[in-house]
Amino acid sequence: MVHLYKIYVSPVLLYGLELILPTTSSLALIENFQKKLLKQILSLPTCVADITINILTGILPVEAQIHIRALGLFNNICNQHEESMEKSLARRQLTVKNNQSASWFVAIKHMLRKYNLQEAIWYMDHPVKKSLWTSNIKRTVHNYWSKSIVQLLPLYKGLDHLTTGNLDKGKIHPLFRINCHSAIDTARLPVKLKLLTGSYILQSKRIKMYKDETDPKCLLCSKDDETVTHFILHCIQLRNIRNKILLETVDVLNSLGIKFNELLDSEKLQIILDITPLATSRKLSPASVAKVERLTRRLIYQLHIARYKIVCG
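Residues numbered from 1 in each chain as written. Predicted model: local features only at pLDDT ≥ 70, side-chain atom pairs only at ≥ 80, totals over all residues. Heavy atoms only, no water.

S.K.: How would you summarise the pattern of salt bridges if you had to cite specific residues and measurements?
M.R.: Where charged atoms of side chains with opposite charge meet at close range, the side chains can pair. Per the stated rule, a full pass over the model turns up eleven salt bridges. With a shortest N-O distance of 3.1 Å, Glu 119 and Arg 113 are connected by a salt bridge. Judged by relative accessible area, Glu 119 falls into the partly exposed class, the value being 34%. It is possible to trace a salt-bridge network through shared partners that takes in Glu 82, Lys 87, Arg 91 and Asp 125. (Salt bridge = Lys/Arg side-chain N within 4 Å of Asp/Glu carboxyl O. Buried < 20%, exposed > 50% of the residue type's maximum accessible area, 1.4 Å probe, protein only.)

S.K.: Give me a nonpolar patch on the surface: which residues, what numbers.
M.R.: Together, Leu 4, Ile 7 and Tyr 8 make up an exposed nonpolar region whose accessible area comes to about 340 Å². For Tyr 8, a relative accessible area of 58% translates into the label exposed. (Patch = residues over 30% accessible without salt bridge, like charges linked within 9 Å, V, L, I, M, F, W, Y side chains within 5 Å. Areas by Shrake-Rupley, 256 points an atom, 1.4 Å probe, with all protein chains shown as cover.)

S.K.: Residues and numbers for the environment of Asn 32, please.
M.R.: Tracing the backbone through its elements, the reader meets Asn 32 in helix H2 (residues 24–41). Overall, the relative accessible area of 46% leaves Asn 32 in the partly exposed class. (Helix = DSSP H or I, 4+ residues; strand = E, 2+ residues; numbered from the N terminus.)

S.K.: Account for the UniProt feature "transmembrane region" (unreviewed entry) in the chain, naming residues and giving values.
M.R.: Under the present numbering, the feature "transmembrane region" (unreviewed entry) in UniProt falls on residues 12–30. With 47% helix and 0% strand, residues 12–30 has its two end C-alpha atoms placed 12 Å apart. (UniProt positions renumbered as here; feature names shortened; annotations may be inferred.)

S.K.: So what's going on with the packing of aromatic side chains? Which residues, and what values?
M.R.: Within the structure shown, the criterion is met by six aromatic pairs. Taken together, a centroid distance of 5.1 Å and an interplanar angle of 85° make the contact between Tyr 115 and Tyr 144 edge-to-face. With Tyr 115 in the loop between helix H6 (104–114) and helix H7 (120–125) and Tyr 144 in helix H8 (residues 130–152), this pair connects stretches of sequence that are 29 residues apart. A ring pair is formed by Trp 122 and Tyr 123, whose centres lie 5.2 Å apart and whose planes are at 90°; its orientation type is edge-to-face. (Phe/Tyr/Trp six-rings, centres within 6.5 Å; stacked < 30°, edge-to-face > 60°.)

S.K.: A description of unusual backbone geometry should follow, citing residues and the corresponding values.
M.R.: We note that Ser 222 has phi near 60°; this positive angle belongs to a residue other than glycine. Among the structural elements, Ser 222 can be located in the loop between helix H11 (203–210) and helix H12 (228–234). Look at Ser 222 and you get exposed, because its relative accessible area is 52%. One non-glycine residue, Lys 283, lies in positive phi territory at about 55°. Within the fold, Lys 283 resides in the loop between helix H15 (276–282) and helix H16 (286–312).

Next comes the structure, spelled out in structure tokens:
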């Protein structure tokens, strides 16, 4: 579905905006539409941090996408012959207009400076081949925005286990590329995504929303605060469900040389919520990763269903 968005929706949404650059208010409307639609595709609530959408899908903010398109158009003008109308106009605008002008070419000048590239007039005198320009601009823009997004991660609680290595390459999160494509596995994924993005409503999160009206204690066992760690690893009311599935998971991990029971809680959570960092560092086979992923999706989904039945029953 994310791929379909990139192929069919995004080109229509951004059509012509590399030439008629949108105002700040118009840009905000388009950005909000993209965020809302991608959250619906990923079955995430609207309250989830916006940066998680960029990280999970690998899709840059609308502003960045328009910059890539606009800079590509500018390069096409730079590669025209000197007598062409567009190149003559570009030289005149860059020479005559000041930095406060609403000229399209002045906006291009600001974009190039934003990404620490050469001045616009330099590219007019030293045209770059289209293939080289496209790859360089995409890499530069992705690096700039991925760094900006990653720097915001510490400001949001609940994103500790969300990996970001895919973002600077503009690829979808590796969690989606694991070969778990059955209808059951797909249906179980949204619950895991809510826990991974900090949008699953547990008592410890609810108290931050309602303060004195809510007790952070676990509604099932009343032993400890209901955090993600407690819910997935420690709640005694969910022990039977947890132990049964975890036993299978531990057996698989042990066969891969990973001693799950000897790990810290944070390391266990990372494997359960997103095994891809471990898969990369240990160079695990796709089949092994898929096997663990199926079990962890099943674990989280069964815990979620059991909690829902007890709380609402």
